[in-house]
Amino acid sequence: MCIPLLVAYTSYSQSLKGRVIDLHTGEGIPYAQIEVQNINIGANSNENGEFILTHENLPERIILTVSATLYETQEIAAVCCDSLIVRMDQDHHEMVEIVIKVDPGILNKNTTVHSDRLNMRELKLSSPTGLVEALTSINGVQQISAGMSAGKPVIRGMQGMRVVTFLEGMRIENQQWGNDHGLGISQLGIQSAEIIKGPAGLLYAGDALGGVIYLNEDRSAAYNKVTIDVSSAFESVSLGTTNSVMAKLHQRNSFISVGALSSSFADFQLTNGSYLNDSRFQDHGAKLGYVYFKDKLNIEFDYLFSKSIIGIPGHTHDSLATADSYITDEQNRSISLPLQDVMNHFFNGKLIYNLNEKHSLKLQASHTFNDFAEFEEKVFTPEMRMRLNNSTVRFDHIWRPKYTIRVNSGFQSSLQSNVNFGNPDDELLPNSNQLDYAAFSSFFSRLGPFELSAVARLDARNLSSDLVNRSFVVGNGSVGVLYKWWALSNNIIRLNVSSGSRAPHIAELTANGQHHGASRYEIGDANLNPERATQIDLDYEFKTNHFSFSVNPYFSYLQNYIQLSPLDSTVENFPVYAYQAIQKARMYGVDAGVHYHPKFANWLHLESGYSITYGESFEPSPLTFMPQPLWRSKARVALRPKKKLGFTGFMVQHQFYFEQNRVTSLETPTDAYHLIQIAASVKLDTKTPFELTFGVRNLLNETYVNHLSRLKNIGLTEPGRSFYIKLSTTINCSLRGTKESESKLENNILSH
């Protein structure tokens, strides 16, 4: 039973009732998400596809965004308060291209910037263990990790500070210079992720040479109802458990969400049955969201807390250590040294005011706090501990002289402080302060079959510390064009040219010490200059009702490219790496995908994708840590059980990682390997539905190590075969005193 949270109220409400149905069969589509653009009003369809949107101040004319798993997202203009039928066609491919969420009413998926959208609901069968693993389902995206913990995204060969992550417009700052530092964000409450590859995301960041990741919170909740999502998952290879709960409430002019997550993983098992010592980790988190909307005003607030305790596998001071030194016959999950203790607090506030149909103002302020500590031999005294505070403010003015034209101009500024705390034994980085300023302006226009865009951005940075004081001013721009035509099918071709510049980080300038989490000794260079990347991105898409194909070649010209290069020396058994700049380099490659959805078997989806990145200096010589070429294929079956209990889906996925032999003199090549994953899901469709997902990763128990894995330097391999299972349910209940009023509203609408 759901406990009422708020008392009933009496007021006049406006309602829009409708039904979401399949375009071909006419059957209702259950659990579709219906959202009103520009104001946070939303609902989910019931098991028959029916929905009601109710609000006191529902505008007369609205634009709805309707989405459902396995169907193409639609944008529909509606008049309040008519009855509405939404007919949805099945999404015959998953190569959805949209821009970062700015205004979905104008910048829809056919934009001049190639980008990818990932709906987290579509990953229920693969059931990734973390957010970064989920992102790797996109072509061109891989990860750096040490087994199952602390993954960092790699986009087209670029990683670390070149990949910038945003959560609802808030830039995540949490010592991202370290490959052993995770994002600090779980999948809890995340509805979707959007990725722009390369420096084209200038509207948000000028230093994202690798790309921009934008995470969207789930704001959908039925009016005057409480929605509670509960899930519990188990992973056999590490005896890992993950439990989460997320509650959402939408009443009157407010939306509230609150959730919590807790996970615990023991040392993971290798393919030979032994265990990697200190590969255990724990993650705990909570989040709170509040949205207020009325008339032209929209106010949002989000808070996120996370705490991770991560073991450091492969850590030793023994000069004669071998890979066998890190392997044990017993599996353990208890906390032991060495370890990392990471805590994050993220605060984000946003105010949007729509002056009229042509002008909107947006003000956003956020603060991130990261407490990072590494413990090696002393329980109460860390070897390294740093506290990072970052405060950011951003202002946007959005002007729409016509529906087909949009101009977005603004500025942003941030103040960052990184302090060594608690008298640690080691100080890898000095205390530092960083002040950033930026001004930007973008233009978008649609002219018949053409779409045009341009962005200009200016960034300035002042960096001060005990060891170095530097100032940087850089300018960047982007231009793009898209053309779409119909010739037996829908064809889209887009071309974008963009530049990005990244000032060197304090770690690259001043590092001089042991980085225990990465198992290496790092040395900086105070004379490094800003990196600069110029990218040409070409994309072609071909689509019919049952077949789609996409190919996306790209080329980046790099100047002053900073890389962490291995040196032929060690310090206390740690290999030495130095930050060095390559004056001229290039990265180029291609992402491609194909999807076949047979007409005679609309429940079957056959998908395949390929991505490859080459990185080299102009000498030429390979750049370090380039990802392996990857070919992935997947067959999935989507079912709608006609009985209360039945299968809802099956999946077989194959990933083939080609060998990587384009390495520097002090890197070692990586052998090719392949991974197979199978999964299925069963649903019990009752008043409170339950869904059970189960599967097997690394089905053939393949012994392998990824070229980007932090385990590779110490001669260790990745986890072996793993069985997983996840049970989830969604509880929907009305608040006290609202069922009768909703029934009257529905009857009035039906009679109308």
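Every value quoted in this text rests on a predicted model; they were computed, and no experiment measured them.

Asks: Please explain the overall build of the protein as it appears in this structure.
Replies: When helices and strands are tallied, the protein shows three helices and 40 strands. For the protein, the proportion of its 752 residues judged to be buried stands at 57%. Long-range contacts, defined as pairs at least 24 residues apart, comprise 66% of the intrachain contacts of the protein with a sequence gap of at least 6. Accessible area of the protein: about 30700 Å², with a carbon and sulfur share of 57%.

Asks: Can you walk me through the side chain of asparagine 216 in this structure?
Replies: Residue position: asparagine 216 is located in strand E14 (residues 211–217). Within polar-contact distance, the side chain of asparagine 216 engages the side chain of serine 192 at 2.9 Å.

Asks: Would you mind showing me how to read the sheet that holds strand E8 (residues 115–119) here?
Replies: In any sheet, the strands associate via hydrogen bonds between backbone groups, in a parallel or an antiparallel arrangement. Strand order in the open sheet formed by five strands is E8-E13-E14-E11-E12, and the pairing between neighbours is mixed. Looking at the sheet topology across the chains shown, the edges are occupied by E8 and strand E12 (170–171). Pairing between strand E13 (residues 190–197) and E14: seven bridges, direction antiparallel. Each residue of the ladder has a partner; that of lysine 197, found in E14, is glycine 211.

Asks: Quick question: what am I supposed to make of the environment of glutamate 531 here?
Replies: Locating glutamate 531 in the fold gives a position in strand E32 (residues 531–543). Owing to a relative accessible area of 1%, glutamate 531 belongs among the buried residues under this scheme. Separated by 28 residues in sequence, glutamate 531 and alanine 503 have C-alpha atoms that sit 6.4 Å apart. Residue contacts for glutamate 531: discarding those within four places in its chain leaves Arg162, Leu209, Gly500, Ser501, Arg502, Gln559, Asn560, Tyr561 and Ile562. Of note is the side chain of glutamate 531, whose polar atom sits 2.8 Å from the side chain of arginine 502.

Asks: Explain the packing of aromatic side chains to me, please; I cannot follow it from the model alone.
Replies: The way to describe two aromatic rings as a pair is by their centre distance and the angle between their planes. Applying the stated criterion across every chain, the model contains 18 aromatic pairs. For the pair tyrosine 483 and tryptophan 485, a centre-to-centre distance of 5.4 Å together with 20 degrees between the ring planes defines the contact as stacked. The partly exposed category is assigned to tyrosine 483, whose relative accessible area is 31%. On the numbers, 5.8 Å between centres and 70 degrees between planes, the contact of tyrosine 557 with phenylalanine 618 is edge-to-face. On the criterion of sequence distance, the pair formed by tyrosine 557 in strand E33 (residues 547–571) and phenylalanine 618 in the loop between strand E35 (604–617) and strand E36 (630–638) is long-range, its members being 61 residues apart. What makes tyrosine 557 partly exposed here is its relative accessible area of 24%. What links up through ring pairs into an aromatic cluster is the set Phe450, Tyr483, Trp485 and Tyr540. Sitting above the plane of the tyrosine 554 ring, arginine 156 keeps its charged end 3.7 Å from the centroid. The positively charged end of arginine 697 is found above the aromatic ring belonging to tyrosine 724, 4.2 Å away from the centroid.

Asks: Looking at this structure, how should I read the pattern of salt bridges?
Replies: Two side chains bearing opposite charge may form a pair once their charged atoms approach each other closely. Per the stated rule, a full pass over the model turns up 35 salt bridges. Across the pair aspartate 267 and arginine 280 runs a salt bridge whose closest N-O atoms are separated by 2.7 Å. Of the two residues, aspartate 267 is situated in the loop between strand E17 (254–265) and strand E18 (275–276) and arginine 280 in the loop between E18 and strand E19 (281–294); the sequence distance between them amounts to 13 residues. We classify aspartate 267 as buried; its relative accessible area is 0%. Among the residues examined, arginine 280 registers a relative accessible area of 5% and is labelled buried. Here arginine 662 ties to glutamate 616 by a salt bridge, and the two come within 2.7 Å at their closest N and O atoms. Residue arginine 662 is found in the loop between strand E37 (645–657) and strand E38 (673–684), and its partner glutamate 616 is found in strand E35; the two are separated by 46 residues along the sequence.

Asks: Looking at this structure, how should I read the side chain of glutamate 522?
Replies: Within the fold, glutamate 522 resides in strand E31 (residues 520–523). With a relative accessible area of 1%, glutamate 522 lands in the buried category. In this structure the side chain of glutamate 522 is engaged in a polar contact, spanning 3.5 Å, whose partner is the side chain of tyrosine 579.

Asks: Please clarify how unusual backbone geometry should be interpreted in this entry.
Replies: Excluding glycine, a negative phi dihedral is what most residues carry, and trans is how most peptide bonds are arranged. Cis peptide bonds are those with omega within 30 degrees of zero, and the linkage from leucine 337 to proline 338 qualifies with 0 degrees. Unlike most non-glycine residues, asparagine 701 shows phi in positive territory, near 55 degrees. Structurally, asparagine 701 can be placed in the loop between strand E39 (690–697) and strand E40 (722–734). A relative accessible area of 22% means that asparagine 701 is categorised as partly exposed.

Asks: Can you help me understand the pairing of E37 in this one?
Replies: A regular strand places its side chains on the two faces of the sheet in alternate fashion. Relative to E37, E36 runs antiparallel, the two being bridged by nine bridges. Each bridged residue has a counterpart across the sheet, and for leucine 630 the counterpart in E37 is tyrosine 657. Taken together, E36 and the strand that follows it, E37, pair antiparallel across an intervening segment of six residues. Judged from the 12 bridges that link them, E37 and E38 form a sheet pairing that is antiparallel. When the sheet's bridge partners are listed, glycine 649 is paired in E38 with serine 681.

Asks: Help me out: how do you make sense of a nonpolar patch on the surface in this one?
Replies: A contiguous nonpolar surface patch, about 850 Å² in accessible area, is contributed by Leu447, Phe450, Leu452, Val479, Tyr483, Ile493, Leu495, Val497, Ile536, Leu538 and Phe555. For the nonpolar patch, the secondary structure elements donating two or more residues are strand E27 (450–465), strand E28 (469–486), strand E29 (490–502) and E32. Tallying contributions element by element places E29 first for the nonpolar patch, with three residues. Take tyrosine 483: it is sitting in strand E28.

Basis of the calculations
Residues numbered from 1 in each chain as written. Predicted model: local features only at pLDDT ≥ 70, side-chain atom pairs only at ≥ 80, totals over all residues. Heavy atoms only, no water. Helix = DSSP H or I, 4+ residues; strand = E, 2+ residues; numbered from the N terminus. Buried < 20%, exposed > 50% of the residue type's maximum accessible area, 1.4 Å probe, protein only. Contact = heavy atoms within 4.5 Å. Areas by Shrake-Rupley, 256 points an atom, 1.4 Å probe, with all protein chains shown as cover. Polar contact = N/O pair within 3.5 Å; in protein donor to acceptor, adjacent residues only side chain to side chain. Pairing = 2+ DSSP bridges. Phe/Tyr/Trp six-rings, centres within 6.5 Å; stacked < 30°, edge-to-face > 60°. Lys NZ or Arg CZ within 6 Å of the ring centre and 35° of its normal. Salt bridge = Lys/Arg side-chain N within 4 Å of Asp/Glu carboxyl O. Patch = residues over 30% accessible without salt bridge, like charges linked within 9 Å, V, L, I, M, F, W, Y side chains within 5 Å.

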